[in-house]
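# A structural walkthrough
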Amino acid sequence: MSFLITFFLGFLLLESSFTFVLINRLVGHTGILYHGTFWIQEILQTAAFAFMASAYYFKNKELTNARIATYAIAMIIIIALSVIAFLSTPPPLAFAWRTLTSPYFYLINLALLSYAVYRVVTTTTSLSSSHKRPVMARALLVPAGFAILALSQILWIYWGFTDLNDVLVMANGFYVTGLALLASALLMILRRRPSYAEVH
């Protein structure tokens, strides 16, 4: 159950981060809104992938609900302090700082996603081998979702250095696709389908 809670919290943070991407695209026409929404999105996204990676890291270890709540509270405090720091910094310096740190956020995200993909793939293949049956298509939703999200991070890293709008559009497209696959996987988990829950 702790695995599901942690994964679900990560997914909620990931959905929240995409909300700020939409806000940025719709109303981010001024410096403070453009950089501010991207800053919050980057923090939420990194927090989301950290939760998801930790879900797999602690999957076979002790992870109590109290510890999960502590992580969630700590993440809220970090996000709040980051937003306050951004708003308290003179705009030119804040904008330059956000632009400079953006690619490194995406590099961290890529590392976290790579770990998640590795854990999901190794778990799926080992269970398939032990049960001597082929991996079902729906069991591939999670690794496929993570892999596509990793691709979006690569594009975001490239966008962070080039600022090309077409690259950002492609990154957001892969981001939505990855989210859709993870959402489908979560729905299957919440419906308690034994074959899927057994794999993950």
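Parameters and conventions
- Residues numbered from 1 in each chain as written.
- Predicted model: local features only at pLDDT ≥ 70, side-chain atom pairs only at ≥ 80, totals over all residues.
- Heavy atoms only, no water.
- Helix = DSSP H or I, 4+ residues; strand = E, 2+ residues; numbered from the N terminus.
- Contact = heavy atoms within 4.5 Å.
- Areas by Shrake-Rupley, 256 points an atom, 1.4 Å probe, with all protein chains shown as cover.
- Patch = residues over 30% accessible without salt bridge, like charges linked within 9 Å, V, L, I, M, F, W, Y side chains within 5 Å.
- Salt bridge = Lys/Arg side-chain N within 4 Å of Asp/Glu carboxyl O.
- Buried < 20%, exposed > 50% of the residue type's maximum accessible area, 1.4 Å probe, protein only.
- Phe/Tyr/Trp six-rings, centres within 6.5 Å; stacked < 30°, edge-to-face > 60°.
- Axes fitted to C-alpha atoms, helices over the stretch in contact; angles between N-to-C directions.
- Left-handed = near helix turned anticlockwise from the far one by under 90°.
- Parallel < 35°, antiparallel > 145°, perpendicular 65-115°, else oblique.
- Nonpolar A, V, L, I, M, F, W, Y, C, P; charged D, E, K, R; others polar.
- pLDDT = per-residue confidence, 0-100.
- Polar contact = N/O pair within 3.5 Å; in protein donor to acceptor, adjacent residues only side chain to side chain.

## Digging into the overall build of the chain
- Helix and strand counts for the chain come out as seven helices and zero strands.
- Long-range contacts, defined here as pairs at least 24 residues apart, represent 81% of the contacts in the chain between residues at least 6 apart.
- Here the chain displays about 10200 Å² of accessible surface, and carbon together with sulfur accounts for 73% of that area.

## Focus on a nonpolar patch on the surface
- Judged by side-chain polarity, Leu 22, Ile 23, Leu 26, Val 27, Ile 32, Leu 33 and Leu 87 come together as a nonpolar surface patch covering roughly 620 Å² of accessible area.
- For the nonpolar patch, the secondary structure elements donating two or more residues are helix H1 (2–27) and helix H2 (31–57).
- Counting residues per element, the nonpolar patch draws most heavily on H1, at four residues.
- By secondary structure assignment, the location of Leu 33 is in helix H2.
- Residue Leu 33 is classed as partly exposed on the basis of its relative accessible area of 37%.

## Quick notes on the packing of aromatic side chains
- With the rule as written, the count across this model stands at seven aromatic pairs.
- Ring centres of Tyr 34 and Phe 38 lie 5.3 Å apart, and the angle between their planes is 85°; this geometry places the pair in the edge-to-face category. Taken together, the positions of Tyr 34 and Phe 38, both in helix H2 and four residues apart, correspond to about one turn of that helix.
- A residue is classified by how much of its surface remains accessible, and Phe 38, at 2% relative accessible area, is buried.
- Ring geometry for Trp 39 versus Phe 105: centroids 5.5 Å apart, planes at 85°, classification edge-to-face.

## Some points on the packing of H2 against helix H5 (residues 141–162)
- It is at 13 Å that the axes of H2 and H5 come closest, and there the two elements cross at 145°. Like other packed secondary-structure pairs, H2 and H5 cross with a definite hand, here left-handed. Of H5, the residues touching H2 (which contributes Tyr 34, Phe 38, Gln 41, Gln 45, Phe 49, Met 52 and Tyr 56) are Val 142, Phe 146, Leu 149, Gln 153, Trp 156 and Trp 159.

## Remarks on the packing of H2 against helix H3 (residues 65–88)
- Axis separation between H2 and H3 bottoms out at 11 Å; the angle between their running directions is 160°. The angle between H2 and H3 places the two elements in the roughly antiparallel class. Remark: the crossing between H2 and H3 carries right-handed chirality. On the side of H2, the interface is formed by Ile 32, His 35, Gly 36, Trp 39, Ile 40, Ile 43, Leu 44, Ala 47 and Phe 51, while H3 contributes Tyr 71, Ala 72, Met 75, Ile 79, Ser 82, Val 83, Phe 86 and Leu 87.
- Among the residues making up the contact of H2 with H3, the classes are represented as 14 nonpolar, three polar and no charged.

## Side note on the environment of Ile 78
- Take Ile 78: it is sitting in helix H3.
- Given the relative accessible area of 45%, Ile 78 is considered partly exposed.
- It is 9.6 Å that separates the C-alpha atoms of Ile 78 and Ala 47, two residues lying 31 residues apart in sequence.

## Topic: the environment of Phe 18
- Counting through the fold element by element, Phe 18 comes out in helix H1.
- Given a relative accessible area of 15%, Phe 18 falls into the buried group.
- Phe 18 sits 154 residues away from Asn 172 along the chain, and the two C-alpha atoms are 8.7 Å apart.
- Excluding anything up to four places from it in sequence, Phe 18 contacts Tyr 175, Val 176 and Leu 179.

## Some details on the confidence of the model for the chain
- For the chain, per-residue confidence averages 78 on the pLDDT scale, and residues scoring 70 or more make up 84% of the total.
- Per-residue pLDDT stays below 50 along residues 193–200; that stretch engages in 26 contacts with residues further than four places along the chain or on separate chains.

## Observations regarding the side chain of Asn 109
- Looking at where Asn 109 falls in the secondary structure, it is placed in helix H4 (residues 91–131).
- A residue is classified by how much of its surface remains accessible, and Asn 109, at 0% relative accessible area, is buried.
- Within the local environment of Asn 109, its side chain forms a polar contact with the side chain of Gln 45, the two groups lying 3.0 Å apart.
- Those residues in contact with Asn 109, other than ones at most four positions away along the chain, are Gln 45, Thr 46, Phe 49 and Gln 153.

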